[in-house]
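Structural overview for review
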Amino acid sequence: MADPKGFLTTPRQTPVRRPVDVRIKDWREVYARFDRGKLEGQAGRCMDCGIPFCHTGCPLGNLIPEWNDLVWRHDWHEAAERLHATNNFPEFTGRLCPAPCETACVLGINADPVTIKQVEVEIVDRAWGEGWVQPSPPVISTGKSVAVIGSGPAGLAAAQQLTRTGHEVTVYERADRPGGLLRYGIPEFKMEKRHLDRRLAQMRAEGTLFRCGVTAGVDITADQLRASHDAIVLAGGSTVSRELPVPGRELAGIHQAMEYLPLANRVTQGDLAESPITARGKNVVIIGGGDTGADCLGTTLRQGAASVTQLEIMPRPPGTRPGHQPWPTYPMIYRVSSAHEEGGDRVYSVSTQEFVGAADPGDPGPASGPASGPAGPAQVRALRLIEVELSGGRFEPVAGTEREIACELVLLAMGFTGPERGPLLTGLGVEFDQRGNVARDEAYATSVPGVFTAGDMGRGQSLIVWAIAEGRSAAAAVDRYLSGDTALPEAILPTARPLL
Ligand SMILES: Cc1cc2nc3c(=O)[nH]c(=O)nc-3n(C[C@H](O)[C@H](O)[C@H](O)COP(=O)(O)OP(=O)(O)OC[C@H]3O[C@@H](n4cnc5c(N)ncnc54)[C@H](O)[C@@H]3O)c2cc1C
Ligand code: SF4
């Protein structure tokens, strides 16, 4: 056990965020460095519970009390080994995970939980800094070949596990660089791309092949994939954005979050001098109060938006754990992300009725510029909304509460409905489940022999930690399919669900 009295003598401490007025002028990560001595004290708060409920919150089965104890004893090298035993990419989860392990921590019943996520990220950052993270190439070759479609966290985890066990793995990615949402969705201020690039270099050194700019199903057909590989892992994500079919949706200046964020990420990666969809000088409305909306918020503020309003149809959640969401569940509470701290207004219990264009009949036009010419749709200049009440599971409009918000840029961040049913999935002939995701059995196998699926493509929109857990588990299933047996760990079943 770490410090036997640590949880009594040491209060929880989390890293400070850099000052708002400084950080919104750059794209670097928001959090300041955490003092190593303080971090060891934080790890010492862990009680090494007989039943560590933190494990139940983490789909990876991270060995949390073990690395807490090792850090407290200053054995960071062994802590890094234990961390990598269950997680291929702790630098991603340590920065980006909402940490369901912390809301499940036993200490959280009547005190502040252990800062598990901070301990995780500090261990892996030190491991990289000290040169402890090295390529781990396979010692044998099985002679089998695996195609992984998609290079998000699920595809990367599956590819690394399968490469290390001796299979020849090719990752096909339609974008110009690997990483999936880690590269083109999540902004630099949440995770700098250097962490991703460093891990990709490790994977390349281990022998994983990356073929970017290749759309599976188009540039290489489903039949060609099947003919040239012994197994296929579909890890193409949940990429169909939820739509908002209200009048005026066709107006210029209304974009899906995943049209907007990739361009902003291209600017920070040096591909573009300025994004063609920029918030600079504009009044922005973001529809959707979740994490994607928060990523849009932080990005618009850094681009110099004049104002930002984030709309959410659900009521504002309570500030503390409600009674019907007891420990160790992950509660729906009011959270202030770093982006929310930086600016913008959050408006709850509202529904968008329509978008108003500058050229609408009787409309005097936008205050901030002329309408588009006849060649294109008019520019959006306002959004009309109405307040709603949740009644019997339905949102009922509240009469007389209609109002307009002026806006020249609208970002839709309302989630994703599932994978694209394009030539890859139709060409392979896989079946879909009731929710529209790629159907799979308990071994991550789709309805087509030799074809497996992991991550958001099979689970639906989820989290990085689940994608990594699925990628690792699917790799074990593929290895068993190819070799008859496997020594690879299986983190979770495809049917496992978060503690909600
Ligand atoms: C804006 C945003 C922010 C998020 N922030 C967080 C966060 O902070 N923390 C968190 O835990 N989760 C976050 N999530 C969710 C998380 O990113 C996803 O759950 C996770 O990335 C899913 O991983 P994946 O590997 O299944 O798919 P993805 O990361 O979506 O990767 C799929 C890849 O497959 C590629 N692909 C698809 N079809 C083809 C094809 N036919 N041929 C070749 N390539 C193909 C795509 O180009 C993509 O690169 C966020 C999601 C979004 C949209
Ligand atoms: S539940 Fe919390 S206190 Fe208990 S072992 Fe896990 S991290 Fe430590």
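Everything that follows concerns the structure shown earlier in this document.
Residues numbered from 1 in each chain as written. Chains lettered and ligands numbered in written order. Predicted model: local features only at pLDDT ≥ 70, side-chain atom pairs only at ≥ 80, totals over all residues. Heavy atoms only, no water.

**Some words on the sheet that holds strand 8 (residues 307–311)**
- The five strands lie next to each other as 6-14-7-8-9, forming an open sheet whose pairing is parallel. Where the open sheet ends on each side, the last strands, each with one partner, are strand 6 (254–256) and strand 9 (345–347). Going from strand to strand, the sheet's axes swing by 20° on average, the running direction of each strand aside.
- Pairing analysis gives three bridges linking strand 6 to strand 14 (residues 409–412), with the strands arranged parallel. Paired with histidine 255 across the bridge in strand 14 is leucine 411.
- Along the sheet, helix 14 (residues 257–268) makes contact with strand 6 and strand 14, crossing strand 6 at roughly 80°.
- Here helix 15 (residues 291–303) sits on the sheet in contact with strand 7 (283–287), strand 8 and strand 14, set at roughly 175° to strand 8. (Pairing = 2+ DSSP bridges. Helix = DSSP H or I, 4+ residues; strand = E, 2+ residues; numbered from the N terminus. Axes fitted to C-alpha atoms, helices over the stretch in contact; angles between N-to-C directions. Contact = heavy atoms within 4.5 Å.)

**A look at the site of ligand 2**
- Close contacts around ligand 2 come from 14 residues, with Cys46, Cys49, Cys54, Cys105 and Val106 the closest.
- Elements supplying a minimum of two residues to the shell around ligand 2: helix 4 (53–57) and helix 5 (64–72).
- By residue number, the principal contributor to the shell around ligand 2 is helix 5, which donates three residues. (Near = heavy atom within 4 Å.)

**Things to note about the site of ligand 1**
- For ligand 1, the set of nearby residues contains 33 residues, the closest of which are Leu96, Glu173, Lys190, Ala216 and Asp456.
- In this structure, an oxygen atom belonging to ligand 1 sits 3.0 Å away from a main-chain N or O atom of serine 462.
- Of all elements in the fold, only helix 10 (153–164), strand 2 (168–173), helix 15 and helix 19 (464–483) reach the threshold of two or more residues within the shell around ligand 1.
- Broken down by element, the residue count for the shell around ligand 1 peaks at three residues, all from helix 10.
- When its residues are assigned to classes, the shell around ligand 1 shows 16 nonpolar, 12 polar and five charged. (Polar contact = N/O pair within 3.5 Å; in protein donor to acceptor, adjacent residues only side chain to side chain. Nonpolar A, V, L, I, M, F, W, Y, C, P; charged D, E, K, R; others polar.)

**Structural notes on the pattern of salt bridges**
- Under the criterion given, the structure shown has 34 salt bridges.
- Across the pair aspartate 176 and arginine 266 runs a salt bridge whose closest N-O atoms are separated by 3.0 Å. Highlighted residues: aspartate 176 in the loop between strand 2 and helix 11 (181–184) and arginine 266 in helix 14, separated in sequence by 90 residues.
- Assessed through its relative accessible area of 22%, arginine 266 is described here as partly exposed.
- Here arginine 177 makes a salt bridge to aspartate 271, at a shortest N to O gap of 2.8 Å. Separated by 94 residues along the polypeptide, arginine 177 in the loop between strand 2 and helix 11 and aspartate 271 in the loop between helix 14 and strand 7 bring together distant segments of the chain.
- For arginine 177, a relative accessible area of 24% gives the class partly exposed.
- The exposure class of aspartate 271 is partly exposed, given its relative accessible area of 32%.
- Sharing partners across several salt bridges, the network here consists of Arg17, Arg23, Arg302, Glu341 and Glu342. (Salt bridge = Lys/Arg side-chain N within 4 Å of Asp/Glu carboxyl O. Buried < 20%, exposed > 50% of the residue type's maximum accessible area, 1.4 Å probe, protein only.)

**Focus on the nonpolar core**
- With 70 residues, the main nonpolar core has Trp67 and Ile123 as its most contacted residues.
- For isoleucine 123, the contacting residues outside a window of four places in its chain are Trp67, Val71, Trp76, Ala79, Ala80 and Leu83. (Core = buried A, V, L, I, M, F, W, Y, C linked by side-chain atoms within 4.5 Å.)

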